[in-house]
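Here are the chains, one letter per residue:
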Amino acid sequence: MTLSRDQVAHVAMLARLGLSDEEMERYREQLDIILAHVDRLQQVDTSQVTETAQIGGLVNAWREDQRSECLPVEAALTNAPRRRRDHFEVGAIQE
Amino acid sequence: MSEAAAGVPTVADLGSALRRGAATPQALAATARARLEGISELNVVLRYTGELAERQAARAARTLAESPETAGPLCGVPFAYKDVLCAEGVETTAGSRILQGFVPPYTGTALGRLLDAGAVPVAVTNCDEFAMGSSNENSAYGPVGNPWDPSRVPGGSSGGSAAVVAAGAVPFSLGTDTGGSIRQPAALCGVAGFKPTYGRVSRYGLIAFASSLDQIGPFARRVEDVAHVFTAIAGHDPQDSTSSPLPVEPVEEQLSRGVEGMRLGIPREYLVEGMEPGVREAIEAAFAELEKLGASLEEVSLPTTEAGLSTYYIIAPAECSANLARMDGVRFGLHVDRPALTDTYLQTRGRGFGPEVKRRIMLGTYALSSGYYDAYYRKAQKVRTLIAEEFDRAFEKVDALVCPTSPTVAFPRGAKSDPLSMYLCDVLTLPVNLAGLPGISIPCGLSEGLPVGLQVIGPRFQDARVLRVAHAYERATRWHAEMPPARPAAGAPS
């Protein structure tokens, strides 16, 4: 299979990765090669197999629905590039 | 040169010196730091822990003075940890520009348990960006050199953590292993490196790469030291919902039982074509040694091994693309200011991530995108089941598996420039992550003057058995005592 430039641009947008034209072309070529390799998966018969969800055999990890200590607001905000009062500040969501 | 001649101590040596009063935690931390500074040309250390080291050394000194009976084997012993583990107040960047300046507001469980055991973290080690790589050439802060030959790679992604132990600067370190990132650098640097069973060590406070595969584990010069560190960090943690509630088997009881009467399997598919002759020779000699020690060796087959690489390179990138979505320039890390939020995301991530991380995010996003999910991600998770079941069946016949860790010795920097040939470095280690098994690499020879690693793999939660086999081999051989020719110049032997 061959990825198109548009497909690569679409995936980059889904991933919110700003790529240069040169990067776009490089990843198009490299993903093509990698995907051609991983396509061998299709040769493995998995008709009788269910997919792995949790390799350690755990199903659900429950805890009591109780209040407990958590990260204080100030600590959570120490690394914030932009803050306003007790909030993370972001730019306009709608353009 | 041997390590004894080089004056390189083990955890056990330092522990006994500390308890005798022949050394202090502060002095050992200072020596470790001097030794690390002496190998600065290897670019192994990203930063020193400063105040945290001082505080911990003082705490250990108090314990040793006031209640020596409570001081465990790690109390006062210096170590280094990979730049993906969070310690409160110490910058942690995952080897990435996007997290430059990030100072975690809390300490992760594995590190926290080592602090509780009195161990003294002195340095944060270089690694591949977000633990993605097999050569430590993907760090935003420059590549790491192998102490055996600085022009060669130390392996990856925990290359710095392997190199600091190999160079004798610290007696142990912590790394993480998602597809071989502890075992492969351990092999290439000639030290012991252990990836515990998935879920055995809490991942709380570990910057996530691929959550269903990631596991924290130790590097050390002795299997016994690996066991001490494992014992300190293993066990259930309510903060990590994938951490296993099963009790941890006591390791020390089993460690010295030897391999007499054990059945060991050699997976036929792991003696791959691309294996270097010197690696094959060393591995075959190791097999013979294990037989001499009373184990019976037999060939087993894991036929789906060949699909392992493809399975891994769908699942790991898919999970990383989701995990790394949090690197968005809003709550921490790099922030490229733009009026519209979408542009902030695009520019922050476009500038903050390096080429390999972008490649894997692209691959993973593609594999999870609408219309491709079934063909790639779901398919890969089914093949993963087959790979795990094949291991389980093999373990009905044998107690553990033995094989090479890496098909090659350490290669020159820049030798694997295309992504696929780099991915092939992990072909013998990543099936173990897919199946959630414990695996260790220990030194078993030299080829062209460079270390070769023997991998021991066990059934899930039989971590102690894996360490027992490794320990038996180590006691019968001297490969673990080999030191790299280029040793740290600074720092007097303790």
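Residues numbered from 1 in each chain as written. Chains lettered and ligands numbered in written order. Predicted model: local features only at pLDDT ≥ 70, side-chain atom pairs only at ≥ 80, totals over all residues.

1. Observations concerning the overall build of chain B
Rule in force here: The way it works is that DSSP assigns letters per residue, a run of H or I at least four long becomes a helix, a run of E at least two long becomes a strand, and they are numbered from the N terminus. We compute the radius of gyration from the C-alpha atoms alone; for a globule the expected value is 2.2 Å times N to the 0.38, where N is the number of residues. In this scheme the burial state of a residue depends on its C-beta neighbours within 10 Å: 20 or more other such atoms mean buried, 12 or fewer mean exposed, and anything in between means partly exposed; the C-beta positions come from the backbone. Note on contacts: each residue gets a C-beta atom placed from the backbone, and two residues are in contact if those atoms are within 7 Å.
If you tally the helices and strands in chain B, you get 17 helices and 11 strands. For 494 residues, the compact-globule formula gives about 23 Å, and the C-alpha radius of gyration of chain B, at 21 Å, lands near that figure. Overall size of chain B, expressed as C-alpha extent along the three principal axes, is 65 × 50 × 45 Å. Relative to its full complement of 494 residues, chain B shows a buried share of 64%. Taking all contacts inside chain B whose residues are at least 6 apart in sequence as the whole, residues at least 24 apart take part in 78%.

2. A word on the overall build of chain A
Helix and strand counts for chain A come out as 3 helices and 2 strands. Mapped from its N terminus to its C terminus, chain A presents α and β elements in the order α-α-α-β-β. For 95 residues, the compact-globule estimate of 2.2 N^0.38 gives 12 Å, and the C-alpha radius of gyration of chain A, at 22 Å, exceeds that figure by more than 25%. Across its three principal directions, the C-alpha atoms of chain A cover 50 × 45 × 20 Å. Put simply, chain A has 95 residues, and 16% of those count as buried.

3. Structural notes on the confidence of the model for chain B
Stated formally: Per residue, pLDDT measures the predictor's confidence, with a range of 0 to 100.
Here chain B averages 95 in pLDDT, and 97% of its residues register 70 or above. Taken over the whole predicted complex, pTM reads 0.96, whereas the ipTM for its chain interfaces reads 0.96.

4. Brief notes about the sheet that holds strand β3 (residues 120-125) of chain B
Residue and element names in this part refer to chain B. So the rule is basically this: DSSP bridges decide pairing: two strands pair if at least two such bridges lie between them. The convention used is that axes are lines fitted to C-alpha atoms, helices contributing only their stretch in contact, and that angles between N-to-C directions extend from 0 to 180 degrees.
Pairing is mixed in the open sheet, where 11 strands are placed in the order β1-β3-β2-β4-β6-β5-β10-β11-β9-β7-β8. Edge positions in the sheet fall to β1 (45-48) and β8 (296-300), since each has one partner strand and no second. Ignoring strand direction, the axes of neighbouring strands in this sheet form an average angle of 30°. Sheet topology places β1 next to β3; 3 bridges connect them, and they run antiparallel. The partner of Val-45 across the bridge, within β3, is Thr-125. Along the sheet face, helix α3 (residues 25-38) touches β1, β2 (78-82) and β3 and points at about 15° away from the line of β3.

5. Some words on the interface of chain B and chain A
Definition in use: Gly falls in the polar group here, along with every residue not listed as nonpolar (Ala, Val, Leu, Ile, Met, Phe, Trp, Tyr, Cys, Pro) or charged (Asp, Glu, Lys, Arg).
Across the contact, 56 residues belong to chain B and 42 residues belong to chain A. Looking at the side of chain B that touches chain A, the elements with two or more residues in it are α11 (308-323), α12 (341-352), α13 (355-368), α14 (374-397) and α15 (419-423) of chain B. In terms of residue count, the dominant contributor to the side of chain B that touches chain A is α14 of chain B (10 residues). Classifying every residue of the side of chain B that touches chain A gives 27 nonpolar, 19 polar and 10 charged.

6. A few points about the packing of helix α2 (residues 21-38) of chain A against α11 of chain B
In a packed pair of helices, the relevant descriptors are the angle between the two axes and the axis-to-axis distance. Using the following cut-off: To sort the angles, those under 35 degrees are grouped as roughly parallel, those over 145 as roughly antiparallel, those from 65 to 115 as roughly perpendicular, and the leftovers as oblique.
α11 of chain B packs onto α2 of chain A with a crossing angle of 125° between their chain directions and a minimal axis gap of 9 Å. Relative to α11 of chain B, α2 of chain A is oriented oblique. Contact residues: Ile-34, His-37 and Val-38 of chain A in α2 of chain A; Ser-310, Tyr-313 and Ile-314 of chain B in α11 of chain B. Grouping the amino acids of the contact of α2 of chain A with α11 of chain B by side-chain chemistry returns 4 nonpolar, 2 polar and no charged.

7. With respect to the packing of helix α1 (residues 5-14) of chain A against α13 of chain B
The geometry of α1 of chain A relative to α13 of chain B is characterised by a closest axis approach of 9 Å and an angle of 100° between their N-to-C directions. Taken together, the axes of α1 of chain A and α13 of chain B lie roughly perpendicular to each other. Residues Val-11, Ala-12 and Leu-14 of chain A of α1 of chain A pack against Met-362, Thr-365 and Tyr-366 of chain B of α13 of chain B. Taken together, the residues of the contact of α1 of chain A with α13 of chain B sort by class into 5 nonpolar, 1 polar and no charged.

8. Let's talk about α12 of chain B
Spelled out, the test is: Here, expected helix span is obtained from the residue count minus one, scaled by 1.5 Å.
The terminal C-alpha atoms of α12 of chain B lie 16 Å apart, and with 12 residues this matches the ideal 16 Å at 1.5 Å per residue to within 8%. Along α12 of chain B, the residues that are buried comprise Thr-344, Tyr-345, Leu-346, Thr-348, Arg-349 and Gly-352 of chain B.

9. A word on the environment of Ala-286 of chain B
Residues and elements named next belong to chain B. With respect to the helices and strands, Ala-286 occurs in helix α10 (residues 277-292). On the basis of neighbour count, Ala-286 is assigned to the buried category, with 25 C-beta atoms found within 10 Å. Ala-286 sits 99 residues away from Thr-385 along the chain, and the two C-alpha atoms are 31 Å apart. When near neighbours in sequence (up to four residues on either side) are disregarded, Ala-286 contacts Cys-444, Leu-454 and Tyr-473.

10. A short note on the environment of Trp-148 of chain B
Relative to the assigned elements, Trp-148 of chain B resides in the loop between β3 and α6 (159-166). When the C-alpha positions of Trp-148 of chain B and Glu-276 of chain B are compared, they lie 18 Å apart, and in sequence the two are 128 residues distant.

11. Points about the pairing of strand β4 (residues 172-177) of chain B
Residue and element names in this part refer to chain B. Counting buried positions along β4 yields 6 of 6 residues, so the element is predominantly enclosed. With burial as the criterion, each face of β4 is covered, one bearing Phe-172, Leu-174 and Thr-176 and the other bearing Ser-173, Gly-175 and Asp-177. Of the pairings in the sheet, the one linking β2 to β4 comprises 3 bridges and is parallel in character. If you follow Ala-80 over to β4, its bridge partner there is Ser-173.

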